[in-house]
Structure formats: C-alpha cells, structure tokens
Amino acid sequence: MFTALLSVLPILAAAGSLDDYYLQRFDAIYGKHLQPAGVVAVQTAQPAERCLTPLYHGLKRDWLQLAPQTQTALAKYLAKPTLSGNQDNIFLSAQKHFNIHYTTIAPDAPPLTDANGNGIPDWVETVGRVFEEVYSAEVITMEYSAAPTIAGAPYDVFLKNLGGGMFGVTETDSSVALNSSSFTSFITIDNDFSVTEFGNQITNYTPEKALQITAAHEYHHAIQYGYNFFFDIWYAEVTSTWMEDEVYDGVNQLYNYIHNYLGKPMALDAPAQTGDNSEYGRWIFNRDLVERFNSPVIIRNVWERLQAMGNANNNSDIPMLPVIDDVLKSRSSALGDDFFSFCKKLYLRNWTSHTSEIGLMHPVMPVATYSDYPVNSASTQAPSVTLPRYSFAYIKFLPSSTAPQNMQLKLTKTSGITVTAFKKNSSGGITEYQFDPSSGTINIPSFNYSDIAEVVLLVCNNSAQEGQTVNFNTDGSSLPPLQDSASSAGSGKSGCFIATAAYGSYLHPKVVVLRQFRDRYLMTSVPGRAFVALYYRLSPPLAHFVAMNESLRIASRLALTPVVYAVEYKGTTIISLLFLVFGAGGVCLRLRKLRLADGSDCR
C-alpha cells in the first residue's frame, strides 16, 4: 500500500483546479464518469442532495475558469433539459405565470391520469396550480419581486425524473441586461414525487406535499437570481427552506434538518456544499430574525440590500453575514447581539410563532455532559471548547452524589466568546445566570437538589473571529491564560486556509474532504478542537505565502495528499501522519527561506 500511495502522489497532488471539483461532483450525481485523463478519482460520492441549486450555481459562476475540455463535458448541464422522447408539451398555468413542460414518454413522464378528460394530465394541472399558489404568496403577499423571465414570458418549469431523492434545481439562463447581476432562470423538478422515492421524508406523505415545498423552495431561488446572481449559497438555501413553511405551513418537512445544524459546532455561514444538509437546518436562524423584528420583511430587506450591491465581489459570491449585519444595524441592532439571542432561544425554545410546531424542533445537543465533580483539567473530558465564527456549543452539568450544592463555574475566554448558563428544574422551568466579568465566574445556587434536572452552559462565538476558546472548571482552580486568535473569516469561506491556498479554491473536492473531517471529527473532540484552534492561529500567514508561490502550492498538495487519502479510505492513518510530519516540515523550511529572503523571521 505504501508503494502504491507513493506512485499516485504526483497525480493526486496535480489535481488542483476547479475542473476536478465539478467533474467529480457531476459524476457522483449522474454517474457519467467525467474524470479527465490522468486524474485519479478518489473522491467518495456525496450523500444524496435535496436541492442541486448550489452545485449548478457554482458551475455557472466558475464557468470561465474551467478548461475547454471540462466545459465541453459539462455544457449539457447548463442547457434547458431535454425530456424523454424529445417531447416538449407545454401547459400554461391558470394565471399565466408559468409554462409547465412535460412529456408523455417514460422515464420523464408524470402520472398521465386525466380524470376531467381535457387532454392535460391531472398532475401537470396540479403543478401549475401549486406554482401559482407560490407566486401569490411570495410575490403578491410577501412583496418579493417576481423572478425575471426573457421578454416577460411565463416562467419555465420542467418535469423530469431526477432520481436519487432529488427534489429540484433552479438554473440561471441569462442576465437581464448587459453587465447586470440580475439573471433569468428556469426550474426542473421531479416528475412525480413518488412515494417510493420520497415517502419517508414527510409525515402523512402525499406527492402534492413534496411538490408544494419544492415549488416554494425553488421559486424563491428564482427570485434570488433576479435580485443578484452573486448570492452566498448557504443563505440562499436558508431562505428557500424557511420559505417552505411560510407558504405551506402544514407540511413541516424542514424540521427534519435542524439536527444537522445542532449536531456539531458549525459556523452560521458554513458552505452549503458539505454533504450534510446542514444549510437546510439553518433556516431556523431566519425564523428567529422574523420573530425578533416582528415581520418577515426583515428577510426581504436582506435580499434587497444584496440587490443594491450588484457584482461587488468581482464575479465571486458576496458573503452574506456582512449584508445581514448591515440590515440589522439599520434597525439599531447588530449580528453579534442577535446571534447570541438566537443561541439562547435554541435552548429556551421560547418561540413566538408556529408555536404548535415547537415540539417538532430537535432540542440542543450538548458537546459534553458532566456528572462527576469537580470538573477540572483532570476530568476525563477536558473542560474546553473552541469554536469557529458565529457558532455555539452547549455543555450540560447533571446533579449527582459528587456535585456541589451551589455550583460556581470559573471561566477564561477569548474576546469573541459570550457565555451564559441556564438551570432547569424537573418541571421544565428555566432560570438564566449571567457571566460576571469582574470575577470570571457564573454562580448557580441550589444546583445539587432533587428537583433540578440540569445546568447548561451556553458558549457562543458571536464574532467573525475563528478559533475562539473558553476553558472552565467547577473547583475554582487556576486556568491557563488564553490568547486571542488573529484570524477572521470575513470572506465567509471555509477556514481551511492552507488547504484552500494549496488547491486554489475552498470548493475543491480535497478541501471539501478536509472540511468535513474537521466538522465531523476534529470539532467533536477536545484534542481535535485544540488542534483546530492552533491551526487557526498559525495558518493564515502560512497560507498567504503558499497561495503566492506555485512551488509551495504543489509541495503543500503533496503534504496534504496522504491526509486526504487517509480520511477518504480508512486504515492509512499512520502513513498519512508520517507524510504529514515530513511534508509539513518541508513546507515550513521552504517558507522560512522565503521569509528570511524578505528580511523577516519565521517562527
């Protein structure tokens, strides 16, 4: 295995462009084996995706950066779909806002029952009716601008057998004017939403329920493209998923995704293409904004603010957190404060809208639970948490025979961390206890009593700074001082600084693999979080040098290749660690020479 790995290292390291990413992603979905000659495909298939808009959005945005042969292989995915039998029957919806395209030939044919005998399949008429309902809710009632179309024609919706449990995709067509960031688009949805393919995703399933939430979701993507093509895709998915429940409140499928967001510390703006569907779970942040400002207009204001920015990021997606912060500041608020309040609400569950559905929300998921006291550096699970930007963690403390009667939490934290604690009794009543900065403590009286169910410490990084840390104990012993990280992820990208510099894009499949490993494994353990915190402190300046030097990019890819290989194929961890040690050492030596040549030191 060692010899085999050595033999493919140069090939794997050479795969450093966006071309691999799109070829491998479309191959994983459609199975067309699109890898170009000379590239070894080690990217594992991603989990089935509900909405393909993020992938197609990226492909259109990055099109001019792809090699001609890659464009040739992928061009068909940007064209309007060809339905089986080359048929293109068109049904115009009742209010004339939508053209529904369908075929009567398998495999893309919808159910062909025509109970009223008017020559139009009943399902096609249902699709037209549902999209008109969506238009009425999103455009007329909520006052979003209608999705633009070429020359004001009805909007095109195609019915096609997508397979793989995929609900739909919204693709751009063309800009509405020269140099405009507003784009026309078209939607493709599954042809029948059959119970065998989708039935386990919605309670009391009917195909129409799946159609309803898909239409609400995808048509809002079409609206978003009309506002500004260069949206940050995570927030596009957050908004479209949130919109499902605003238009069709009774379906409630979106609650199934919340646990994907609560399950691990994760940046609010983590990229949508992580394969875990967490971007759908993050819709709950929009609900909190609507409740905080007593109106869904706050969400539309975010998209209107983005619309005014045009192509402000030089043909790259515009990070949405600064846009949201601008809108909140215009209402005498700020993202940091609102995010902390949101994190409290996740635990308190004191939602003021959709109250009959609160029971459908997954409760918070603690990263650690303690019942053996005192909690200190000798505890089995070290009392320390490190968080990426705009993220949270909950730590649970349970009464026990060793628990103190009154509990004092002593904490040291970096500047981006905000903390508070909650005590819940056996009846569900909750009392909040705030952090005292003068003493560095949170005091919780009457903790170890029979009617106390738990104390939960909320740790929130409500800043744009990466790698923010808190250490804590319950015995008042001294805590090591903490140094603030200097790294900020204002761009809204992955935080995998050196890997992104080495491979050229945070979208590259190898960066995706490493990011998933960070989120799913490193951030779920104390040693892993400590490593991530150290990486956030040290890597930004190194990444800058790597990005500016092609030789270092190649060397870094060589150093990272065995690590990526080990993550993708379990059982090669020792080999990967050896390569990591020697490879990283080589990169650092090269960096030292470069920085000494510049007259600066390298430590």
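Shown above is the structure to which this text applies.
Just so you know, these numbers come straight off a predicted model, no measurement behind them.

Basis of the calculations
- Residues numbered from 1 in each chain as written.
- Predicted model: local features only at pLDDT ≥ 70, side-chain atom pairs only at ≥ 80, totals over all residues.
- Heavy atoms only, no water.
- Helix = DSSP H or I, 4+ residues; strand = E, 2+ residues; numbered from the N terminus.
- Polar contact = N/O pair within 3.5 Å; in protein donor to acceptor, adjacent residues only side chain to side chain.
- Contact = heavy atoms within 4.5 Å.
- Buried < 20%, exposed > 50% of the residue type's maximum accessible area, 1.4 Å probe, protein only.
- Pairing = 2+ DSSP bridges.
- Salt bridge = Lys/Arg side-chain N within 4 Å of Asp/Glu carboxyl O.

Enquirer: Account for the side chain of D325, naming residues and giving values.
Expert: Among the secondary structure elements, D325 is positioned in helix α13 (residues 320–329). At 2.8 Å, the side chain of D325 and the backbone nitrogen of L335 are in polar contact. Setting aside its immediate chain neighbours within four residues, D325 contacts A334 and L335.

Enquirer: So what's going on with the pairing of strand β8 (residues 391–397)? Residues and values would help.
Expert: Taken across its seven residues, β8 has six buried, putting it largely inside the fold. In terms of strand pairing, strand β6 (residues 368–370) meets β8 through three bridges, oriented parallel. In the strand pairing of β8, T369 is matched with K396. Judged from the seven bridges that link them, β8 and strand β13 (residues 452–461) form a sheet pairing that is antiparallel. Residue pairing in the sheet places F392 in a bridge with C460 of β13.

Enquirer: So what's going on with the environment of L411? Which residues, and what values?
Expert: Within the secondary structure layout, L411 lies in strand β9 (residues 407–413). Excluding residues within four positions of it along the chain, L411 makes contact with V419, F435, G440, T441, I442, L457, V470, N471, F472 and L479.

Enquirer: Describe the environment of W242, listing the residues and the values that go with them.
Expert: When you line up the elements, W242 lands in helix α8 (residues 233–247). According to the relative accessible area criterion, W242 is buried, its value standing at 1%. Residues in contact with W242, not counting those within four places in the same chain, are M142, Y144, L254, W283, N286, R287, V290, P296 and I299.

Enquirer: Please provide a residue-by-residue account of the pattern of salt bridges, values included.
Expert: If you walk through the whole model with that rule in mind, you get 21 salt bridges. We note a salt bridge from K329 to D325, for which the minimum N-O separation is 3.2 Å. Taken together, the residues span about one helical turn, with K329 and D325 both in helix α13 at a distance of four residues. A relative accessible area of 16% places D325 in the buried class. By sharing partners, the salt bridges in this structure join D288, E291, R292, D338 and K345 into a single network.

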